[in-house]
Amino acid sequence: MSNLVGKPSPSRLQALVQGALGKPCKSLLVGPGPGLDAAILQTADGRVMAIAEDPIFPAPGLPLDIMGWFTVHIGASDIAVTGVKPEFMTYTLLLPLGCPEEDARTIISSISRAAEDLGISIVGGHTGWYGAVTVPTVGGVTVWGTADQDAWISPGGAKDGDLILMTKGPCIEAAALLSIVHHERLQGNISEEMLATLRARVDQITVVEDALHAFKVGGVHAMHDATEGGVQGGLWEMSTSSGLPVMVDFDGVEIPADIVALARELDFDPWQAISEGTLLAAVEPEQVQEVQRVWADLGIDSYILGKFDSSLKENTVLKNGQSQPLLEPDSDPFWDLFFAGLQ
């Protein structure tokens with residue numbers, strides 16, 4: 001068996017957790033599945049709750065307070081794609097022996113500031129120093145919020161004929177972090193201006209704003225944050241969870257120049273690399289222009305990738321001048337490159 005790095009493929013993960021989900025729950029409206037990063041629960045008062053959990057790892061070369069910002073925004077993004085506003089959170093901060101309390105306080109304070117900015121209350125958690133921990137790590141951040149019964153969507157809610165919109169471009173998270181851990185290797189091959197642009201993409205590793213504003217427009221039937229497996233994997237997950245094939249045209253999208261340069265130098269496919277911060281949305285055609293206008297007013301670039309089409313026999317992507325099947329995501333090229341940059 002090959003070494004597993006990062007999140008396993010959807011089919012591999014399904015095999016791992018099959019039959020191991022505890023007691024069945026009648027109030028569970030949306031449970032675990034490909035691309036379903038938040039559960040939706042029916043509450044006793046007739047409303048719904050969206051709840052999600054994520055781990056957060058540190059990125060060498062970034063200030064500790066950025067780790068705190070990641071913690072909140074990555075967790076909150078999984079709730080925002082349901083159209084539900086994130087309201088509450090807990091987190092577990094695991095610290096290595098010898099980690100100064102000052103560093104712990106930096107992370108804790110930055111988590112609090114980011115949560116306050118998004119209107120999220122921190123209602124519990126755990127903090128401790130442990131010998132098995134080698135770097136400060138958020139073992140888990142849990143975020144949740146509530147909404148009216150009909151005021152939410154699922155990544156699996158796409159409808160036949162919906163157009164697929166993408167914000168910012170592919171490879172957002174991978175581009176930001178790889179430009180940092182491979183900075184010395186890239187110097188001289190990529191301009192300092194482009195390296196600065198790549199590093200600045202750290203601030204784009206969130207879809208909270210993208211998702212909540214799009215949902216308010218209406219006509220948005222499904223949204224998904226393109227995390228591990230990148231845009232290509234995210235589209236496969238949306239198609240699988242909605243039961244609708246997709247036709248997408250990557251060649252019709254002009255990838256930002258800094259990301260093109262990074263992918264060329266590190267030799268990876270930007271469409272397959274982790275892209276936290278890239279929102280994928282299934283939108284009814286009549287509302288596409290308005291959704292894109294709202295994003296433009298926020299300074300968020302967006303693109304039309306393709307559409308959901310029930311008449312297709314399989315998921316299809318136009319890429320590098322060739323039409324090919326859009327397959328289940330496997331290993332994400334980000335992880336090998338990320339750990340290689342730490343050596």
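Up top is the structure.
These lines cover the structure that appears in this document, whether it is placed above or below.

Cut-offs and rules
- Residues numbered from 1 in each chain as written.
- Predicted model: local features only at pLDDT ≥ 70, side-chain atom pairs only at ≥ 80, totals over all residues.
- Heavy atoms only, no water.
- Pairing = 2+ DSSP bridges.
- Helix = DSSP H or I, 4+ residues; strand = E, 2+ residues; numbered from the N terminus.
- Axes fitted to C-alpha atoms, helices over the stretch in contact; angles between N-to-C directions.
- Contact = heavy atoms within 4.5 Å.
- Buried < 20%, exposed > 50% of the residue type's maximum accessible area, 1.4 Å probe, protein only.

**Considering the sheet that holds strand β5 (residues 121-130)**
Strand order across the open sheet formed by six strands is β1-β2-β3-β6-β4-β5, with mixed pairing between neighbours. Edge positions in the sheet fall to β1 (28-30) and β5, since each has one partner strand and no second. Sheet twist, expressed as the mean angle between neighbouring strand axes with direction ignored, is 20°. Across two bridges, the pairing between β1 and strand β2 (residues 39-42) is antiparallel. Bridging across to β2, Leu28 finds its partner in Leu41. Strand contacts of helix α2 (residues 64-80): β3 (48-56), β4 (88-96) and β6 (137-147), with the helix running at about 145° to β3, the strand carrying the most contacts. Each of β4 and β5 touches helix α3 (residues 101-117); the most contacted strand, β4, lies at about 165° to it.

**Considerations on unusual backbone geometry**
In terms of backbone geometry, most residues other than glycine have negative phi values and most peptide bonds are trans. In this model, Cys171 sits at a positive phi of 70°, which is unusual for a non-glycine residue. Relative to the helices and strands, Cys171 resides in the loop between β7 (163-167) and α4 (172-181). Despite not being glycine, Asn320 has its phi angle at roughly 55°, a positive value. According to the relative accessible area criterion, Asn320 is exposed, its value standing at 68%.

**A few points about α4**
Counted residue by residue, α4 has 10 buried out of 10 residues, so it is predominantly covered. For α4, the set of buried residues is Ile172, Glu173, Ala174, Ala175, Ala176, Leu177, Leu178, Ser179, Ile180 and Val181. Buried positions along α4 lie against α2, α5 (183-186), α6 (192-200), α9 (257-266) and α11 (333-342).

**Looking at the sheet that holds β7**
Here we have seven strands laid out as an open sheet, ordered β8-β10-β7-β11-β9-β12-β13, and mixed in their pairing. Strands with a single pairing partner mark the edges of an open sheet, and in this sheet they are β8 (220-225) and β13 (322-325). When strand polarity is set aside, the average angle formed by the axes of neighbouring strands in this sheet is 25°. Here four bridges tie β7 to strand β10 (residues 279-283), and the two strands are oriented antiparallel to one another. Opposite Leu163, over in β10, you have Val283 as the bridge partner.

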